[in-house]
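Notes for the structure review
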Amino acid sequence: MSDAPIRVLLVDDQELFRAGVAVIVDAQEGMSVVGQASDGLEAVRLADELEPDVVLMDVRMPEMDGVEATRQLFLPERVARRSAPLRVVVLTTFNLDDRAATAIRYGASGFLLKDTTPTMLRDAIRTVYVGNAVLAPQDLSTLLDGQFQAAAPAPASYLSLTEKEREVFSAVARGLSNTEIAGLVFASESTVKTHVGAILRKLSLRDRVQIVVFAHAHGLA
């Protein structure tokens, strides 16, 4: 990971809220607000132009809401053009919001309530930047359980995983950390990281959050 600051794009239709969040983010060591958008259309355009690392995305906005903007940000052609991964954190007023769940399915790494503390906001940005979720595993499971009424069959790519990779897959899907998984499968953390990388590559997934989504979509959670 480089020493460059984490580049953050703020997206919310309330200018006062954006200004407050910008002050909090810019006050953190190793973070910088590189742009602000008032709706989803502007968010997608600025994300293409500014190449932020993390987008803080309001769910409910005019013109284009945060769910559709998230879907567009993770279209395969956009992902392929990026030189570095993009992470999205959805901002919502309601806990366990169905729209937030849909945004996570599209590629967001979790959600935060708008009344969160500055410390939690800072920690969430750092957490998603390295590819982890900002939701507790049980909350993520609760959200996703309502999204997938009928599980689709596991694709051939899942069947290509080795027995050890499936063990690690199952542990990641339950929200375990690399340290916890290492103890579970009797391997070093570096070996677990190698297995996680292989799983992501074989299943064409971006990060650990998407492993959880994949598990729920295919009845493997």
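Below or above, wherever it landed, is the structure these notes cover. Source: prediction; values computed, not measured. (Residues numbered from 1 in each chain as written. Predicted model: local features only at pLDDT ≥ 70, side-chain atom pairs only at ≥ 80, totals over all residues. Heavy atoms only, no water.)

1. Quick look at the overall build of the protein chain
- When helices and strands are counted, the protein chain shows 12 helices and five strands.
- Against the 2.2 N^0.38 benchmark of 17 Å for 221 residues, the protein chain shows a C-alpha radius of gyration of 17 Å, consistent with a compact globule.
- By principal-axis analysis of the C-alpha atoms, the protein chain measures approximately 50 × 40 × 35 Å.
- A total of 221 residues make up the protein chain; the buried ones form 46% of that total.
- Within the protein chain, counting contacts between residues at least 6 apart in sequence, those at least 24 apart form 66% of the total.
- Accessible surface computed for the protein chain: about 10,700 Å², of which carbon and sulfur atoms make up 52%.
- If the 22 positive side-chain charges of the protein chain are averaged to one point and the 29 negative ones to another, these points end up 6 Å apart. (Helix = DSSP H or I, 4+ residues; strand = E, 2+ residues; numbered from the N terminus. Rg over C-alpha atoms; globule rule 2.2 N^0.38 Å. Buried < 20%, exposed > 50% of the residue type's maximum accessible area, 1.4 Å probe, protein only. Contact = heavy atoms within 4.5 Å. Areas by Shrake-Rupley, 256 points an atom, 1.4 Å probe, with all protein chains shown as cover. Lys, Arg positive; Asp, Glu negative; His and termini not counted. Charge placed at Lys NZ, Arg CZ, Asp CG, Glu CD.)

2. Quick word on the environment of Leu-113
- Tracing the chain through its elements places Leu-113 in strand E5 (residues 111–113).
- Taking C-alpha positions, Leu-113 is 21 Å from Val-212, a pair spaced 99 residues apart along the chain.

3. Digging into the sheet that holds strand E4 (residues 87–92)
- Overall, parallel pairing links the five strands, which are arranged E2-E1-E3-E4-E5 in an open sheet. On the outer flanks of this sheet lie strand E2 (31–37) and E5, each paired with one strand and no other. Averaged over all adjacent pairs, the angle separating strand axes in this sheet is 25 degrees, with direction ignored.
- Note that strand E1 (residues 6–11) and strand E3 (residues 54–58) share four bridges and pair parallel. (Pairing = 2+ DSSP bridges. Axes fitted to C-alpha atoms, helices over the stretch in contact; angles between N-to-C directions.)

4. Observations concerning helix H3 (residues 66–73)
- With six of its eight residues buried, H3 lies for the most part within the structure.
- Buried within H3 are the following residues: Gly-66, Val-67, Ala-69, Thr-70, Gln-72 and Leu-73.
- Backbone nitrogen of Val-67 and a side-chain oxygen of the N-cap are separated by 3.2 Å at the start of H3; the cap is Asp-65. (Polar contact = N/O pair within 3.5 Å; in protein donor to acceptor, adjacent residues only side chain to side chain.)

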